[in-house]
Number of protein chains: 2
Amino acid sequence: MPVGAHGGKRVTRADVAQLAGVSTAVVSYVLNDTGSVSAATRQRVREAIDMLGYQPNVNARALATGSSRLIGFIVPGLSNPFFGEFAVAVEAAAAARGYSLLITSAEGDEEVERRHIQNLIERRVDGLLVGGDAGHAVVALTAASGIRTVLFNVFDERPGLVTVGPDAAEGARAATSHLIAHGHTEIGLVIGAPETGGMEAREAGWLRALGDAGLAPGPIGRAEFDRAGGYSAARQIFAAERRPTALFASSDLQAVGALAALHELGLRVPQDVSIVSFDGSEETEYSIPALTTVRQSVAEMSAKLIELVLMPEPPSGHHSFPARLVLRASCGEHAADGTPLR
Amino acid sequence: MPVGAHGGKRVTRADVAQLAGVSTAVVSYVLNDTGSVSAATRQRVREAIDMLGYQPNVNARALATGSSRLIGFIVPGLSNPFFGEFAVAVEAAAAARGYSLLITSAEGDEEVERRHIQNLIERRVDGLLVGGDAGHAVVALTAASGIRTVLFNVFDERPGLVTVGPDAAEGARAATSHLIAHGHTEIGLVIGAPETGGMEAREAGWLRALGDAGLAPGPIGRAEFDRAGGYSAARQIFAAERRPTALFASSDLQAVGALAALHELGLRVPQDVSIVSFDGSEETEYSIPALTTVRQSVAEMSAKLIELVLMPEPPSGHHSFPARLVLRASCGEHAADGTPLR
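Residues numbered from 1 in each chain as written. Chains lettered and ligands numbered in written order. Predicted model: local features only at pLDDT ≥ 70, side-chain atom pairs only at ≥ 80, totals over all residues.

> Would you explain the overall build of chain A in this entry?
The number of helices and strands found in chain A is 13 helices and 12 strands. With the principal axes as the frame, chain A shows a C-alpha extent of 85 × 45 × 35 Å. The burial tally for chain A puts 49% of its 342 residues in the buried class. Sequence-distant contacts, at least 24 apart, represent 68% of the contacts inside chain A between residues at least 6 apart. (Helix = DSSP H or I, 4+ residues; strand = E, 2+ residues; numbered from the N terminus. Buried ≥ 20, exposed ≤ 12 C-beta atoms within 10 Å, placed from the backbone. Contact = placed C-beta atoms within 7 Å.)

> Quick question: what am I supposed to make of unusual backbone geometry here?
Peptide bonds are trans in most cases, and residues, glycine excluded, mostly fall at negative phi. In this structure, the amide linkage connecting Val269 of chain A to the following residue, Pro270 of chain A, adopts the cis form with an omega of 10°. Here Pro270 of chain A shows up in the loop between helix H11 (252-264) and strand S9 (274-279). Omega for the bond connecting Ile288 of chain B with Pro289 of chain B falls within 30 degrees of zero, at -5°, which places this linkage in the cis form. Along the chain, the position of Pro289 of chain B falls in the loop between helix H12 (283-286) and strand S10 (292-296). At Asn153 of chain B, a residue that is not glycine, the phi angle is positive and equals roughly 60°. Within the secondary structure, Asn153 of chain B is located in the loop between strand S4 (149-152) and strand S5 (162-166).

> How do you make sense of the packing of helix H5 (residues 81-96) of chain A against helix H13 (residues 298-309) of chain A when you look at a structure like this?
Relative orientation and spacing of two packed helices are given, respectively, by the angle between their axes and the distance between those axes. Residue and element names in this part refer to chain A. Contact geometry for H5 and H13: axes closest at 8 Å, N-to-C directions at 50°. With respect to their mutual orientation, H5 and H13 come out oblique. Crossing hand, H5 versus H13: right-handed. For the pair formed by H5 and H13, the contact residues are Glu85, Phe86, Ala89, Val90, Ala93 and Ala94 on the first element and Val298, Ala299, Ser302, Ala303, Leu305 and Ile306 on the second. (Axes fitted to C-alpha atoms, helices over the stretch in contact; angles between N-to-C directions. Parallel < 35°, antiparallel > 145°, perpendicular 65-115°, else oblique. Left-handed = near helix turned anticlockwise from the far one by under 90°.)

> For this particular structure, what's the right way to read the sheet that holds strand S7 (residues 220-222) of chain B?
Hydrogen bonding along the main chain pairs the strands of a sheet, whether they run parallel or antiparallel. Residue and element names in this part refer to chain B. Strand order in this open sheet of 6 strands is S7-S6-S8-S9-S10-S12, and the pairing throughout is mixed. The sheet is open, and its two edges are formed by S7 and strand S12 (323-326), each paired on a single side. When strand polarity is set aside, the average angle formed by the axes of neighbouring strands in this sheet is 15°. Against the sheet, helix H9 (residues 201-212) contacts strand S6 (187-191), strand S8 (246-249) and strand S9 (274-279), and its axis sits at roughly 175° relative to S6. Across the sheet, helix H10 (residues 227-238) is in contact with S6, S7 and S8; its angle to S7 comes to roughly 145°. (Pairing = 2+ DSSP bridges.)

> Would you take a moment to explain the domain arrangement of chain A for this structure?
Bring the parts together and some accessible area is lost; that lost area is often taken as the interface size. When cut into domains, chain A gives domain 1 (3-56), domain 2 (70-166 + 298-322) and domain 3 (168-296). Taking the mean C-alpha position of each, domain 1 of chain A and domain 3 of chain A sit 61 Å from one another. (Domains from an automatic or database assignment.)

> For this particular structure, what's the right way to read the nonpolar core?
Generally speaking, a soluble globular protein has its nonpolar side chains buried in company with each other. Ranked by internal contacts, the top residues of the largest apolar core, which has 90 residues, are Phe248, Ala258 and Ile275 of chain A together with Phe248, Ala258 and Ile275 of chain B. Among all residues touching Phe248 of chain A, those that are not within four sequence positions of it are Ala172, Ala175, Thr176, Leu179, Ile187, Leu189, Trp206 and Val276 of chain A. Among the nonpolar cores identified, the runner-up in size contains 82 residues, and Val309 of chain A together with Ile71, Leu128 and Val162 of chain B belong to it. (Core = buried A, V, L, I, M, F, W, Y, C linked by C-beta atoms within 7 Å.)

> Help me understand the environment of Ala169 of chain B in this model?
Along the polypeptide, Ala169 of chain B turns up in helix H8 (residues 168-181). Beyond its immediate sequence surroundings of up to four residues, Ala169 of chain B is in contact with Ala201, Ala204 and Gly205 of chain B.

> I'm lost on H8 of chain B in this one. Help?
Along an α-helix, residues three or four positions apart point the same way, because every turn accommodates 3.6 residues. Residue and element names in this part refer to chain B. For H8, with 14 residues, the first-to-last C-alpha span of 20 Å sits near the 20 Å given by 1.5 Å per residue. Among all positions of H8, only Ala168, Ala169, Gly171, Ala172, Arg173, Ala175, Thr176, His178 and Leu179 are buried. Backbone geometry just after H8 places Gly183 at a positive phi near 100°. (Expected span 1.5 Å × (residues − 1).)

> How should I be thinking about the sheet that holds strand S6 (residues 187-191) of chain A in this particular structure?
Residue and element names in this part refer to chain A. Within the open sheet, the 6 strands sit side by side as S7-S6-S8-S9-S10-S12. Their pairing is mixed. Every other strand in the sheet has two partners, leaving strand S7 (220-222) and strand S12 (323-326) as the edge strands with one partner each. Looking at each pair of strands side by side, their axes are set apart by 15° on average, direction ignored. Summarising the sheet, strand S10 (residues 292-296) and S12 pair through 4 bridges and their orientation is antiparallel. When the bridges of S12 are listed, Val294 appears paired with Leu325.

> Where do I start with helix H6 (residues 110-122) of chain A in this structure?
Residues and elements named next belong to chain A. The terminal C-alpha atoms of H6, which comprises 13 residues, lie 18 Å apart, in line with the 18 Å expected from a rise of 1.5 Å per residue. Within H6 the residues assigned to the buried category are Glu113, His116, Ile117, Asn119, Leu120, Ile121 and Glu122. Following H6 by one or two positions, Arg124 has its phi on the positive side, about 55°.

> What should I look at first to understand the pairing of S9 of chain B in this one?
Every regular strand shows the same layout, with side chains that alternate between the two sheet faces. Residues and elements named next belong to chain B. S9 sits mainly inside the fold: 6 of its 6 residues count as buried. Burial of S9 is two-sided: the residues Ser274, Val276 and Phe278 facing one way and the residues Ile275, Ser277 and Asp279 facing the other way are all buried. Sheet topology places S8 next to S9; 3 bridges connect them, and they run parallel. If you follow Phe248 over to S9, its bridge partner there is Val276. The pairing of S9 with S10 spans 4 bridges and is classified as parallel. Along S10, the bridge assignment pairs Phe278 with Val294.

This is how it looks when you write it as structure tokens:
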């Protein structure tokens, strides 16, 4: 057991210097790989560090070198498994560049998000990745800090900001067109509350596919982007006399909630109602039936986020990534032998 | 826009002092709420801070005060939504005490876990919450750092360590006994690879319930604790000639994977096979059918974790929390009117 583990008193740089018989400056040289230190001295210092179990204090080191090799990742909400999977992918992309990720979850609370960002700024992280539609306060906060910030989970250009996101409008259009190709003419939409600054990209994509095919918009169920939201939106849509035969759900969780609601109503998927979801998280592979979904390019977006946030001066602009249709059973697809795809 | 947002040059304490017409020491007094500063001066300093958009550097402050009001939370893997939900609960418990959480995900990789912990130790967090069976290297690392550490997702006592976890053996026993009460006599188990240091608590609980009822152990399918693992374990179990009529799955994700496998095999749940899962994450409420599950006391464990990690010297010992059976449809429960519970 290292000596430092006894008693709990913190081992200092001075303790290391004393044991190695050098000055504290030499210990710093060895720790930071600076200064000219002989191989023998370097070896002696390293042994003293190991023997004492010394932990260099990176708060001090960050002050001196200005780099923590840490990136802050603020997710909209970890109770959505899509963001858990996204965090894992961003973590891998960061690790490939020698950086670690500090993750915080805002759970849709702007005040919590502001506090998390303030904390990470104060820790002098090397960059910030902020999910979703950051408010004006957050943008001012990160701009004032001078810490590079990239927004993710954003669907279109934000003047002056660096943003990364899926091409949600095209993904929703492709999903809806696929349902039209299956012969559906009454296609409902499950989505969140109306946006204040114009139509949400997924709603616009759904509407465009219907317009292109000369079809009237089906019913819209609006609720939270979670399982309970999808459940209640579907109950709402299917309570009406005129029922659609297909749904585009704007998130995987909403689709999973809608599946439960349809099951309760005795409606079979895909025989009575077809569904396509958006996100492409793993949960959709194992739902019953497995969901046809529009899958976001998670690995590619993660690599781009890390690339941008590590650039000395990332150019402002939006980076859009394709969201591609993955065919499974919920839209009525069948394997070559005629059995429904799982 | 704050002045600090121009040009990117970082605003210093000296800039604030100059604008407010005070010494840098007075700025520190105001920031740290120490020293005797008149209300008027305090007001002038605060205005200068706001005007310049000054961000106090907490790395420096942590060096001076020894506290960061940050707790590191190392989850075994964020691709498991249970841990996402757990992180959200721990975040809330930390916030209630004025602390923020920095989350990292190890995804089952010990080297990654070690690196994350090293990072958090170097950031001088106030405490560490480490998920799962931390290896010897991790325990030595946190002990040497002098930073209070509490392990979670642990099922029994670890000599010399502070641990929190569900009573997994009793939860598994209750789940299996419930299946026995439904008349099942052939009850399989879906679980991970065998433990090296003795039988895993959930396996022991399953076995005890069967033994207490005078029943022979059913088949065991061993695989990862994720959806793919549950799917393959169930395929393995139901490939045998002698099939069980019920399963206890050791995680929600394994149960969801098993549901997909049974669906593929044309076996109905609960009519042909009953299932009870372990964890109680939200996904089990919306599966088809909804899963009867043993739900961990997430809120209570989260509060205890924060309470322990903030104690000056938390006493070593294990804190066990009940995992309670939640009845839904997958075990054959019916509502008072005879319809299956969703």
